[in-house]
Amino acid sequence: MVGEMRDDVSFSAAMSAADTGHLVLSTLHTTNASQSISRILEFFKADEREQIRRQIASTLRAVVCQRMVTTLDGKSTPALESSSTHRWSENSSKKPPRQIARRH
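The sections below set out a description of the structure shown in this document. Remember, predicted model here, so these are calculated numbers, not experimental data.

**So, the environment of Thr31**
Phase 1: Checked against the element boundaries, Thr31 lands in the loop between β2 (26-27) and α2 (33-42).
Phase 2: Taking the relative accessible area as the measure of exposure, Thr31 reaches 45% and is therefore partly exposed.
Phase 3: Remark: the alpha-carbon pair of Thr31 and Cys65, spanning 34 residues in sequence, is separated by 7.7 Å.

**Observations regarding helix α1 (residues 8-19)**
Phase 1: Between its terminal C-alpha atoms α1 stretches 16 Å, which fits the 16 Å expected from twelve residues at 1.5 Å a residue.
Phase 2: Where the residues of α1 are buried, they touch β1 (3-4), α2 and α3 (49-59).
Phase 3: With its phi angle positive at about 95 degrees, Gly21 sits one or two positions after the end of α1.

**Some words on the nonpolar core**
Phase 1: Judged by nonpolar contacts, Met5, Phe11, Ala14, Met15, Ile40, Leu41, Phe43, Phe44, Ile52 and Ile56 together constitute the single largest core of ten residues.
Phase 2: Looking at this core, the elements that each hand over two or more residues are α1, α2 and α3.
Phase 3: Here this core takes three residues from α1, the largest share from any one element.

**Description of the packing of α2 against α3**
Phase 1: At their nearest, the axes of α2 and α3 sit 10 Å apart, and the two run at 135 degrees to each other. In terms of their interaxial angle, α2 and α3 are classed as oblique. The hand of the α2/α3 crossing is right-handed. The segment α2 lies against α3, with Ile37, Ile40, Leu41 and Glu42 engaging Arg49, Ile52, Arg53 and Ile56.
Phase 2: Along the lines of polarity and charge, the residues of the contact of α2 with α3 split into five nonpolar, no polar and three charged.

**Notes on the pairing of strand β4 (residues 76-84)**
Phase 1: Two elements, strand β3 (residues 62-70) and β4, share nine bridges in a ladder whose sense is antiparallel. Paired with Ala62 across the strands is Ser84, a residue of β4.
Phase 2: As consecutive antiparallel partners, β3 and β4 are separated by five residues, and within that stretch Gly74 has a phi angle of approximately 85 degrees, a positive value.

Quick notes on the rules
Residues numbered from 1 in each chain as written. Predicted model: local features only at pLDDT ≥ 70, side-chain atom pairs only at ≥ 80, totals over all residues. Heavy atoms only, no water. Helix = DSSP H or I, 4+ residues; strand = E, 2+ residues; numbered from the N terminus. Buried < 20%, exposed > 50% of the residue type's maximum accessible area, 1.4 Å probe, protein only. Expected span 1.5 Å × (residues − 1). Contact = heavy atoms within 4.5 Å. Core = buried A, V, L, I, M, F, W, Y, C linked by side-chain atoms within 4.5 Å. Axes fitted to C-alpha atoms, helices over the stretch in contact; angles between N-to-C directions. Parallel < 35°, antiparallel > 145°, perpendicular 65-115°, else oblique. Left-handed = near helix turned anticlockwise from the far one by under 90°. Nonpolar A, V, L, I, M, F, W, Y, C, P; charged D, E, K, R; others polar. Pairing = 2+ DSSP bridges.

So, in structure tokens, the structure goes:
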């Protein structure tokens, strides 16, 4: 567990662990899953971003974003958005995991 990624140092530590086969869990303050990659890239200088983008593509498996939303009865409930890098082929013998939430 890395905790919150706030800068290039914490992200680099997470990438080093992931590159050696460790499961890395971390938090990042963004409003949705797609914004997470952009936020990570902002930690680095412009000339480093393409290499970081390639590292992310080879190691990142999923991004899960959670926010609290108000229900019709005025209570709060978590809304989840997930983005996975695993592609499920039609010929795959394994079934894909159940989706938690879908964004429309």
